Amino acid sequence: MDLSGLRAQVDALQPRDRMWPAPYADRMPSEVEYSRCLDPGKYQVLHERLQLWAAVVVKAGLGRVEAAQGAVWRDLLPERDLRAATPTATWWLRPSSTSALPLLVVAHRQEGGVWMGAGDPAVPVVRLPVCGCDACDDGGALLAGELDDRVLDVLGGSFTHVRLGDARVVGVADGWSTNSDLAGQDVERLLAEARSGRSPHHVVHGTPWG
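A. Expanded view of the environment of Asp181. By secondary structure assignment, the location of Asp181 is in the loop between strand S8 (175-178) and helix H5 (187-195). With a relative accessible area of 69%, Asp181 lands in the exposed category. Sequence separation between Asp181 and Ala167 is 14 residues; the distance between their C-alpha atoms is 8.7 Å.

Here's what the structure looks like:
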């Protein structure tokens, strides 16, 4: 599967360099900009981009789109936020391969952004924007790039979610993150065991989509 080719097709449909620029590239944001978002609608392009990813994936014969009524999240702190938000769309992008992970997409009205999960039940992959205030706006191109990276982590089979009690380890193509210090744990070994099917912990991981 040519992941870079899929990304190039999405870019051709929605060029990242035509999105809004980072507004604070040459100055620090003011205090008031930390408590406002004058144009939350600009983040709707993130959901539009995920819809384009879906179209490209379906055209390539790698998956299909399904409605996601009653979708279940696992290990999801944003579930609290989702109950307070007003989703405008919820849908699955499901792989043709039964060993690959499906993608769950939730678009929400308050901030105009998206949540993305993997697996069914789904674990969190990314929420963008992380903060919707004007001061934290890094520009559309950077957000679209991060969204693409996370989609490709799932399509390419690198996304790995490991639960160790209250600790979570998430591995992606370019590294890993955790919500705990995991003292004494070899994270690279944990992820290697998870990806090879040898982990004693709860793992969410799938094969590449194609």
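B. Quick look at unusual backbone geometry. The linkage connecting Asp120 with the following residue, Pro121, adopts the cis geometry, with an omega of 5 degrees. Mapped onto the elements of the fold, Pro121 is located in the loop between strand S4 (114-118) and strand S5 (123-128). With an omega of -5 degrees, the peptide bond running from Leu128 to Pro129 counts as cis.

C. Representation of the sheet that holds strand S2 (residues 87-95) in the model. Spatially, 5 strands are ordered S1-S2-S3-S4-S5 in an open sheet, and the strand pairing comes out antiparallel. Sheet topology places strand S1 (63-67) and S5 at the edges, where each strand pairs with a single neighbour. The sheet shows a mean angle of 20 degrees between the axes of neighbouring strands, direction not considered. For strand S3 (residues 103-108) and S4, the ladder comprises 5 bridges, and the chain directions are antiparallel. Within S4, the residue paired with Leu103 across the bridge is Ala118. Relative to the sheet, helix H2 (residues 44-59) contacts S1, S2, S3, S4 and S5, its axis offset from that of S2 by approximately 25 degrees.

D. Highlighting the state of the cysteines. Throughout the structure, instances matching the rule amount to 0 disulfides. Note on Cys131: no disulfide assigned, nearest cysteine sulfur contributed by Cys133 at a separation of 3.5 Å. Of the cysteine sulfurs around Cys136, a residue in no disulfide, the closest is that of Cys133, at 3.5 Å.

E. Seen up close, the sheet that holds strand S7 (residues 167-172). In space, the 4 strands of this open sheet follow the order S8-S7-S6-S9, with antiparallel pairing throughout. Whereas interior strands pair on both sides, the edge strands pair on one side only; in this sheet they are S8 and strand S9 (202-205). Averaged over all pairs of adjacent strands, the angle between their axes in this sheet comes to 15 degrees, without regard to strand direction. Where strand S6 (residues 160-164) lies against S9, 4 bridges are found, and the strand directions are antiparallel. Counted as the bridge partner of Arg163 is His202 from S9. Its contacts with the sheet put H5 on S6, S7, S8 and S9, and the angle it makes with S6 is roughly 110 degrees.

F. Molecular detail of the environment of Pro87. Relative to the helices and strands, Pro87 resides in strand S2. C-alpha of Pro87 to C-alpha of Gly70: the two residues are 17 residues apart in sequence and 12 Å apart in space.

G. Here's a closer look at helix H1 (residues 3-13). Along H1, the residues that are buried comprise Gly5, Leu6, Arg7, Val10 and Asp11. On its buried side, H1 packs onto H2 and helix H4 (140-155).

H. Representation of H2 in the model. Compared with an ideal rise of 1.5 Å per residue, which puts 16 residues at 22 Å, H2 spans 23 Å between its outermost C-alpha atoms and is within 8% of the ideal. If you check which residues of H2 are buried, you get Leu46, His47, Arg49, Leu50, Trp53, Ala54, Val56 and Val57. Note on H2: the residue one or two positions beyond its end, Gly61, has a positive phi of about 75 degrees.

I. Main features of the packing of aromatic side chains. Enumeration over the complete set of coordinates arrives at 1 aromatic pair. An angle of 80 degrees between the planes, with centres 5.5 Å apart, marks the rings of Trp20 and Tyr43 as edge-to-face. Highlighted residues: Trp20 in the loop between H1 and H2 and Tyr43 in the loop between H1 and H2, separated in sequence by 23 residues. Considered together, Trp20 and Tyr43 belong to a single accessibility category, that of buried residues. Over the ring of Trp92 we find Arg94, and its NZ or CZ is 4.3 Å from the ring centre.

Cut-off values and rules
Residues numbered from 1 in each chain as written. Predicted model: local features only at pLDDT ≥ 70, side-chain atom pairs only at ≥ 80, totals over all residues. Heavy atoms only, no water. Helix = DSSP H or I, 4+ residues; strand = E, 2+ residues; numbered from the N terminus. Buried < 20%, exposed > 50% of the residue type's maximum accessible area, 1.4 Å probe, protein only. Pairing = 2+ DSSP bridges. Axes fitted to C-alpha atoms, helices over the stretch in contact; angles between N-to-C directions. Contact = heavy atoms within 4.5 Å. Disulfide = S-S within 2.5 Å. Expected span 1.5 Å × (residues − 1). Phe/Tyr/Trp six-rings, centres within 6.5 Å; stacked < 30°, edge-to-face > 60°. Lys NZ or Arg CZ within 6 Å of the ring centre and 35° of its normal.

Geometry only, nothing functional implied.
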